[in-house]
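# Examination of the molecular architecture
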Amino acid sequence: QVQLVESGGGLVKPGGSLRLSCAASGFTFSDYYMSWIRQAPGKGLEWVSYISSSGSTIYYADSVKGRFTISRDNAKNSLYLQMNSLRAEDTAVYYCARVAWYYDSSGLGTYYFDYWGQGTLVTVSS
Amino acid sequence: EIVLTQSPDFQSVTPKEKVTITCRASQSIGSSLHWYQQKPDQSPKLLIKYASQSFSGVPSRFSGSGSGTDFTLTINSLEAEDAATYYCHQSSSLRGTFGQGTKLEIK
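Figured I'd write up the structure that's included with this text. None of these values were measured; they are calculated from a predicted model.

### Some thoughts on the interface of chain A and chain B
Reports of interface size often rely on the accessible area that becomes lost once the parts have come together. On the chain B side, the residues contacting the 24 residues of chain A number 20 residues. Both sides of the chain A and chain B interface together cover about 1900 Å² of buried area, and 61% of this is carbon and sulfur. Looking only at chain A, the three residues that lose the most surface to chain B are A:Leu45, A:Tyr111 and A:Tyr112, adding up to 28% of its buried area. Our enumeration of links across chain A and chain B arrives at zero salt bridges. Counting the contacts that link chain A with chain B gives 14 residue pairs in polar contact (both at pLDDT 80 or more). Ranked by residues supplied to the side of chain A that touches chain B, first place goes to strand β10 (residues 109-116) of chain A with seven residues.

The following block contains the structure:
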């Protein structure tokens, strides 16, 4: 069965850095796009970033662009999120999620998140 | 950025009731709309993809409909285990966005 296990969260001071990891199992990791999504305490979901199966295509939300870097190691079945210049507003549970694609009859593709990890909490506070 | 607005924000319902949650997009997104369920202290789970297609293993009481800007998640014959927050998500643009969530409380 598909399993996604995040790690690396913790307490960090504003301006600090943290690296999150997501260990994947139960599927061929190198075949799938992957994504990070976060949820501030008591708030809704916010998409953060995603990366293509090869790592050649990457997108970021404007709120993290220039500060966060997504990467992957297909040999290790792992996804990463390097977070620099952290701010209080980055405090959240960070989920990794597998990206699945649906193609309609005209060949137009759309993606969704079919499996999510349990999340890791990042707290940015002095 | 495409904004998704869900209604209601909160609903208190009784078991066996039929529930309808709506999601309105700020511009047309075709059928690129998906629904997730998040129970307390759990990660979100996919319910419906591409507006109306049920994800594997999801109970048949959950269904989705709509296209363009207006979408609906329907839960027929609500069960106590359906207490959760429900989110819509659009992927018409590569930088997808989520609705603010609808919290369902079971009386």
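### Details of the nonpolar core
Among the nonpolar cores identified, the biggest contains 41 residues, and A:Phe113, A:Trp116, B:Trp35, B:Tyr86 and B:Phe98 are the most heavily contacted of them. Broken down by secondary-structure element, the contributors of at least two residues to this core are β5 (45-51), β9 (92-103) and β10 of chain A together with β3 (19-25), β4 (33-38), β5 (45-49), β8 (70-75) and β9 (84-90) of chain B. Apart from residues lying up to four places away in sequence, B:Tyr86 is in contact with B:Gln6, B:Ile21, B:Tyr36, B:Gln37, B:Leu47, B:Phe62, B:Leu73, B:Ile75, B:Gly101, B:Thr102 and B:Leu104. Formed by 25 residues, the second largest nonpolar core is a distinct cluster that contains A:Val12, A:Phe68, A:Val122 and A:Val124.

### What to know about the sheet that holds strand β1 (residues 4-7) of chain B
All names here are of chain B. Strand order in the open sheet made by the four strands is β1-β3-β8-β7, with antiparallel pairing throughout. This sheet does not close on itself; its edge strands, each paired only once, are β1 and β7 (62-67). With direction set aside, neighbouring strand axes in the sheet form an average angle of 15°. In this structure, β7 lies alongside β8, joined through six bridges in antiparallel fashion. The partner of Ser65 across the bridge, within β8, is Thr72.

### Remarks on the state of the cysteines
Residues and elements named next belong to chain A. Per the counting criterion, the structure on display carries two disulfides over all chains. The disulfide bridge from Cys22 ends at Cys96, spanning 2.0 Å between sulfur atoms. Between Cys22 and Cys96, the disulfide has an S-S torsion of 45° and is therefore right-handed. One end of the pair, Cys22, is in strand β3 (residues 18-25); the other, Cys96, is in strand β9, with 74 residues separating them in the sequence. Each member of the pair, Cys22 together with Cys96, is buried.

### Regarding the pairing of β5(B)
Residue and element names in this part refer to chain B. Of all the five residues making up β5, four are buried; the element is thus mostly covered by neighbouring parts of the structure. Relative to β5, β4 runs antiparallel, the two sharing three bridges. The residue of β5 that forms the bridge with Trp35 is Ile48. Here β4 hands over to β5 after six residues, with Asp41 in that stretch at a positive phi of 60°.

### A short note on the packing of aromatic side chains
Inspection of the entire model under this criterion finds 20 aromatic pairs over all chains. Taken together, a centroid distance of 5.9 Å and an interplanar angle of 65° make the contact between A:Tyr33 and A:Tyr50 edge-to-face. Highlighted residues: A:Tyr33 in strand β4 (residues 33-39) and A:Tyr50 in strand β5, separated in sequence by 17 residues. Since its relative accessible area comes to 23%, A:Tyr33 is described here as partly exposed. According to the relative accessible area criterion, A:Tyr50 is buried, its value standing at 1%. Judged by centre distance (6.4 Å) and plane angle (35°), the rings of A:Phe113 and B:Tyr36 are tilted. Residue A:Phe113 is located in strand β10, and its partner B:Tyr36 is located in strand β4; the two belong to separate chains. Members of the aromatic cluster, each reached through a chain of ring pairs, are A:Tyr33, A:Trp47, A:Tyr50, A:Tyr59, A:Tyr95, A:Trp101, A:Tyr103, A:Tyr111, A:Phe113, A:Trp116, B:Tyr36 and B:Phe98.

Rules used throughout
- Residues numbered from 1 in each chain as written.
- Chains lettered and ligands numbered in written order.
- Predicted model: local features only at pLDDT ≥ 70, side-chain atom pairs only at ≥ 80, totals over all residues.
- Heavy atoms only, no water.
- Contact = heavy atoms within 4.5 Å.
- Buried area = accessible area lost by both parts, 1.4 Å probe.
- Salt bridge = Lys/Arg side-chain N within 4 Å of Asp/Glu carboxyl O.
- Polar contact = N/O pair within 3.5 Å; in protein donor to acceptor, adjacent residues only side chain to side chain.
- Helix = DSSP H or I, 4+ residues; strand = E, 2+ residues; numbered from the N terminus.
- Core = buried A, V, L, I, M, F, W, Y, C linked by side-chain atoms within 4.5 Å.
- Buried < 20%, exposed > 50% of the residue type's maximum accessible area, 1.4 Å probe, protein only.
- Pairing = 2+ DSSP bridges.
- Axes fitted to C-alpha atoms, helices over the stretch in contact; angles between N-to-C directions.
- Disulfide = S-S within 2.5 Å.
- Phe/Tyr/Trp six-rings, centres within 6.5 Å; stacked < 30°, edge-to-face > 60°.

Function cannot be inferred from these measures alone, as they are strictly geometric.
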